[in-house]
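# Geometric and topological summary
One letter stands for each residue in the lines below.
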Amino acid sequence: MKKLLLVSLLIITVGTGAQDLGYYLPKSVTYNPAVPRPADVIYHEVGEWHVTHDRLVSYMKAVAAAAPDRVKLELMGLTYEKRPQVLLIITSKKNQARLEQIRQQHVQLTNPAQSGSLNTENMPVVVWIGHSIHGNEPSGANASLLTAYYLAAAQGKEIEELLDQVVILLDPSFNPDGLQRFSTWANQHRSRNLVSDPNSREFNEVWPGGRFNHYWFDLNRDWLPAVHCESQHRLKWFHLWKPNILTDHHEQGSNASFFFQPGVLSRVNPLTPDKNQELTGKLGRFHAAFLDTIGSLYFSRENYDDFYYGKGSTYPDVNGAIGILFEQGSSRGHLQETSNGLLSFPFTIKNQFVTALSTLEGAKTLRKEFLDYQRDFYKQAAARAAAYAVKGYVFGDKNDKARTLLFVEMLKRHQVEVHSVPDNWKDSVFEKGSAYMVSLNQPQHSLIRGIFGKTLDYKDSIFYDITSWTLPLAFGLPCRELNAPFVMGEITELLPMPVQKVNGGISDYAYILQWEELYAPAALNELLQAGYIVKVATSGFEIANGSGTKKFNPGTIIIPVKMQKENREEVFAKLSAVTEKYGVSTYAAGTGNTVSGPSLGSGRQVTVTKPAIAMIAGPGVNALDAGEVWYLLDQRMNMTVTHLEPAVFNRVELSRYNTLILVGGNYNELNKDKLKAWVQSGGTLILTEEAVSWAAQNGVTDIKLKKAKAPVDSTQRLAYTDREQIEGAQQVRGAIFAAETDLTHPLAFGYCQQTISLFKGNKVFMEKSRNPYATPFYYGARPLQSGWVSKENAEAIRNSAAVVVSVLGNGRVINIADNPNFRAFWLGGTKLFMNSIFFGRIIDAASARTEE
């Protein structure tokens, strides 16, 4: 009878994937019974089900409550979906008693003025263990249950020594919203008898999947730009503690084993010191030894790189720390067939837990070496600054304070010291009050170079992520290198948006709103949504302003008072509120007469139509691109956009929309005839990246595409092992190109610079239109500003079109070859995209029509 019961239990265990804690935890360790086991709080064994974020947080709270001598729980912030981002600070009882003193002393290591007097002999090392920034790579977050339990409950000399020498910052979920989305998917498709067939629905999420945050962003690319609230909350605590090591627990393809860094050495960012990679290699030996102990396969120095500083495992490298990427072969669900046999969810969790322990053991053993490296990294900043030709930067846009302030805010998040320009500063481009300075002679020297620098020389031609991200170019900010010693003004703290008021007070005639500011489209949209009649100037003009005159550029917004339903006081109140809310520049006009240029009542001042926007979203669409548009409109511009899945598009009435957006992706399920008919009836179709190619290939537009030449002649015979390098070099991973601009074109309204920096991460190359007015943005003979591109792709980009406008019936098609909204920090492309929405329909058909 006992034998029959044992067999039954074994069948149930295998069939359900359940594993008790003994499967995971180190042997011969006793545990404090006062600390609850995970199953006591989350109601299932670790790995039996995918832990939901709410239960994950409940367990972390329970551990902190049960072991206050070791564990302190902090709330870093809330996600967009209002889920808590929690951080457990775990260390020994004596360290907890002086935790703030330890933190302050540790941070002094990064201050060269204070670090010299510090003794690191007995100083604890700080390790941040972070999990599952991609929500559908859940083994990390599930492993955090085990790590929290072990560190809180384990007893004995070994754990006491570890906690005395290490302060652990345990971040159970980098991406709470994505983890919740994926865990719900995996759990709702789980069978009692686990299904391992990879074709099963459990392993094939619906769009957009759990990888992303609420706005479909990859948060593992957001450490540097820090656009999103999750990243901002995390960075605040990163710099509060300045960890020596940060682990970033990911998953990879199901047929892979386990990866730990170092990665490909030729793809390490040149700003990262050699000592960083040396220490990464030393730590790697601990991972290998621990994985050997449990018989897990692994690999290193392949596939992954340390180049882009916006990733979680690379950002620490430019902050005097060591970032460690872990990539576990993914079960995606609970049990999946792979080329290596059945891969269970508990097994993936075990590897993540074991490498968390190997990291802590390595940190304890190499503690002084990590601490001394951090101190030396910052102490050597002054020498690096002295040896570097560039001494600093001045930047700012006198026509758009909002973008400038967002840039300053980003710099301050990374502990970069920013100054105003001095009182005696004289410059035609950079004016006091709108320009700022950054010296490279400061502790964050390397990070500043990583933010401002341009790169054209590379050791390798294959990259895991983008090859350039020069942030002044991305923000569209004028910026100048300073190559000689310079004087700066006062240190700048975080800057509030300037409080703007209507210049000239109340008017009986009209108000004029400048279009150059970042949030001018949000102001325009609010007026249109309120039912205001608004016009846009298609030519520049000049009006009397006090004792002088004021010039206004094409794109200026005009609000005639008498055309509105409200009286003049109500109109003034509305304009005042919008002006203050969005920080735009608004002027009262007492007459329609102009000093030069068209009068305010001229036919060149065209009425703006209220946009009704839909975007195709769903299977086939690049979720990242779609999320960038959604974020831009929803978060920055306070505008609504309807998300239409292709199947819904095919069946619904489209007349309620006048603007349709197709971002990069595959639209083969879309009804092409219906789309064409909608454009022909007067709609504005905005296409970006691969949507441009799709539309051209399916007869929606008449633009012509270019193709890059093959890198090798088809008659050549090459070594099999050369293929990866040759073909990999032809990928356009992401580089920055200068587009020349026709500033009089409606799509360029609001730009003040002739050259606009655009980000290219695709192989969409457009020919210039045969109509000389239809290519308002184009690449010249040498457009590359920063980044890697093969000579074949460079030739295809050279003298190609960045933007082409085409006509289809009564409608307009705006073809944008690249991504003007890249990762939501490419604010230099925002005007182009918003102009397409508001002004695409006013583009003269004759300026875009081509005749065969």
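Just so it is clear, the structure is predicted and the values come from calculations on it, not from any experiment.

Tallying secondary structure elements over the chain gives 26 helices and 33 strands in all. Its C-alpha radius of gyration of 29 Å places the chain within 12% of the 29 Å reference for a compact globule of 852 residues. Dimensions of the chain, computed from the C-alpha atoms along their principal axes, are close to 95 × 65 × 65 Å. A total of 852 residues make up the chain; the buried ones form 61% of that total. Excluding contacts between residues fewer than 6 apart, the proportion of contacts in the chain whose partners are at least 24 apart in sequence is 79%. On the chain, roughly 33100 Å² of surface is accessible, and the fraction owed to carbon and sulfur atoms is 49%. Taking the average place of the 86 positive charges on the side chains of the chain and the average place of its 83 negative ones, the gap between the two points comes to 1 Å.

It is worth spelling out the pairing of strand β7 (residues 245-252) at this point. Of all eight residues that make up β7, eight are buried, and the element is covered over most of its length. Taking every second residue as pointing to the same face, both faces of β7 are buried, with I245, T247, H249 and E251 on one and L246, D248, H250 and Q252 on the other. Sheet topology note: the strand β4 (residues 125-131)/β7 ladder contains five bridges and is parallel. Pairing of G130 across the sheet is with D248, part of β7. Bridging between β7 and strand β9 (residues 322-329) involves eight bridges; their strand directions are parallel. Paired with T247 across the bridge in β9 is I324.

Turning next to the sheet that holds strand β15 (residues 479-482). Across the sheet, four strands lie side by side as β13-β14-β12-β15; this open sheet has antiparallel pairing. With partners counted over all chains shown, the strands left at the sheet margins are β13 (419-420) and β15, one partner each. As judged from the two bridges shared by β13 and strand β14 (residues 436-439), these two strands associate in the antiparallel manner. What sits directly across from S420, in β14, is Y436.

This part takes up the pattern of salt bridges. Taken as a whole, this structure holds 34 salt bridges when the rule is applied. Residue R480 pairs with D427 through a salt bridge whose shortest N-O separation is 2.8 Å. One end of the pair, R480, is in strand β15; the other, D427, is in the loop between β13 and β14, and 53 residues separate them in sequence. Given a relative accessible area of 32%, R480 falls into the partly exposed group.

Let us now look at helix α7 (residues 139-153). The end-to-end C-alpha separation of α7 is 21 Å, in line with the 21 Å expected for 15 residues at 1.5 Å each. Extensive coverage of α7 is indicated by the burial of 15 of its 15 residues.

Bringing the packing of aromatic side chains into the picture now. As enumerated under the stated definition, the model contains 45 aromatic pairs in all. Ring pairs connect the aromatic residues Y80, W207, Y215, W216, F217, W630 and Y631, which therefore count as one cluster.

The axes of two packed helices give the description: the angle between them and the distance between them. At a minimum axis separation of 10 Å, helix α3 (residues 53-66) and α7 run at an interaxial angle of 5°. By the criterion of interaxial angle, the relationship of α3 to α7 is roughly parallel. Facing L56, Y59, M60 and V63 of α3, the residues of α7 in contact are A141, S144, L145, A148, Y149 and A152. Residues belonging to the contact of α3 with α7 are distributed by class as follows: nine nonpolar, one polar and no charged.

Here is what the cut-offs are and how they apply
Residues numbered from 1 in each chain as written. Predicted model: local features only at pLDDT ≥ 70, side-chain atom pairs only at ≥ 80, totals over all residues. Heavy atoms only, no water. Helix = DSSP H or I, 4+ residues; strand = E, 2+ residues; numbered from the N terminus. Rg over C-alpha atoms; globule rule 2.2 N^0.38 Å. Buried < 20%, exposed > 50% of the residue type's maximum accessible area, 1.4 Å probe, protein only. Contact = heavy atoms within 4.5 Å. Areas by Shrake-Rupley, 256 points an atom, 1.4 Å probe, with all protein chains shown as cover. Lys, Arg positive; Asp, Glu negative; His and termini not counted. Charge placed at Lys NZ, Arg CZ, Asp CG, Glu CD. Pairing = 2+ DSSP bridges. Salt bridge = Lys/Arg side-chain N within 4 Å of Asp/Glu carboxyl O. Expected span 1.5 Å × (residues − 1). Phe/Tyr/Trp six-rings, centres within 6.5 Å; stacked < 30°, edge-to-face > 60°. Axes fitted to C-alpha atoms, helices over the stretch in contact; angles between N-to-C directions. Parallel < 35°, antiparallel > 145°, perpendicular 65-115°, else oblique. Nonpolar A, V, L, I, M, F, W, Y, C, P; charged D, E, K, R; others polar.

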